[in-house]
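This is what each chain is made of:
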Amino acid sequence: QVHLVESGGGLVQTGGSLRLSCVASGRTFSSYTMGWFRQAPGKEREFVAAIRWSRGSTYVSSSVKGRFTISRDNAKNTVYLQMNSLKPEDTAVYYCAADSRPYGYSSLTNDYDYWGQGTQVNVSS
């Protein structure tokens, strides 16, 4: 079991920045892939970025590449999503998730085993 607690959402103006945090706890999560997803009103949940907890290797979706960065702090058991140059279309509920498979990346929600509660990000125009 892995427990994920998210924070850092809020309201920001277009062009601003925001950093989301996800604190992970539980057994064996250090071997997992950690991912960020988002879901805007009336739309499907969308993959944003992923990181291998142990390796630190990352993958970022094309829709946010160059603006968003995923990272982790092993000492704090925390995964971050740094969001810069925010746009109104980035408005969504952002979720932290964990994939227990031993290797590879996935952008599919069904491949992730554990989910945080979500944190709301609103970008005003």
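Look up: the structure comes first, before these words.
Fair warning: this is a prediction, and the values are worked out from it, not measured in the lab.

Visitor: Sorry, what's going on with the nonpolar core here?
Guide: The tendency in soluble globular proteins is for nonpolar side chains to be buried side by side. In this structure, L4, M34, W36, L81, M83 and Y94 are the most contacted members of the largest nonpolar core, which totals 31 residues. Broken down by secondary-structure element, the contributors of at least two residues to this core are strand 1 (2-7), strand 3 (18-26), strand 4 (33-39), strand 5 (46-52), strand 7 (68-73), strand 8 (78-83), strand 9 (92-99) and strand 11 (119-124). When near neighbours in sequence (up to four residues on either side) are disregarded, M83 contacts G16, S17, L18, L20, R67, F68, Y94 and V121. By size, the runner-up hydrophobic cluster in this structure holds 5 residues, among which are F47, A50, A97 and Y112.

Visitor: Sorry, what's going on with the pattern of salt bridges here?
Guide: Side-chain pairing between opposite charges can occur once the charged atoms of the two side chains come close. With the rule as written, the count across this model stands at 5 salt bridges. With a closest N to O distance of 2.9 Å, E46 and R38 form a salt bridge. Of the residues examined, E46 reaches a relative accessible area of 30% and is grouped as partly exposed. Since its relative accessible area comes to 6%, R38 is described here as buried. Among the salt bridges present, the one from D90 reaches R38, with a minimum N-O distance of 2.8 Å. Residue D90 is located in the loop between strand 8 and strand 9, and its partner R38 is located in strand 4; the two are separated by 52 residues in the primary sequence. The same class applies to D90 as to R38, namely buried. Among the charged side chains, a salt-bridge network with shared partners connects R38, E46, R67 and D90.

Visitor: In this structure, what is going on with the pairing of strand 4? I would like to understand it.
Guide: Side chains on a regular strand alternate between the two faces of the sheet. Of all the 7 residues making up strand 4, 6 are buried; the element is thus mostly covered by neighbouring parts of the structure. Bridge count for strand 4 against strand 5 is 6 bridges, and the pairing is antiparallel. Each residue of the ladder has a partner; that of M34, found in strand 5, is I51. By the bridge criterion, 7 bridges tie strand 4 to strand 9 in an arrangement that is antiparallel. If you follow R38 over to strand 9, its bridge partner there is Y94.

What counts, and where the lines are drawn
- Note on numbering: residues in each chain are counted from 1, in written sequence order.
- This being a predicted model, a pLDDT of at least 70 is required before a residue's local features are given, and a value of 80 or more before pairs of side-chain atoms are given or counted; all residues contribute to the totals for chains, interfaces and linings.
- Calculated side-chain values reflect all of the structure's heavy atoms, with hydrogen atoms and water omitted.
- Throughout this description, the term nonpolar core refers to a set of buried Ala, Val, Leu, Ile, Met, Phe, Trp, Tyr and Cys residues connected via side-chain atoms within 4.5 Å.
- Buried, partly exposed and exposed residues are distinguished by accessible area as a fraction of the type maximum, computed with a 1.4 Å probe on protein chains only: under 20%, between the cut-offs, and over 50%, respectively.
- A run of H or I in DSSP counts as a helix once it spans at least four residues, and a run of E counts as a strand once it spans at least two, with each numbered from the N terminus.
- Contact criterion: two residues are considered in contact whenever any of their non-hydrogen atoms come within 4.5 Å of each other.
- Salt bridges are identified by distance alone: a Lys or Arg side-chain nitrogen within 4 Å of an Asp or Glu carboxyl oxygen.
- One requirement defines pairing of two strands: DSSP has to find at least two bridges between them.

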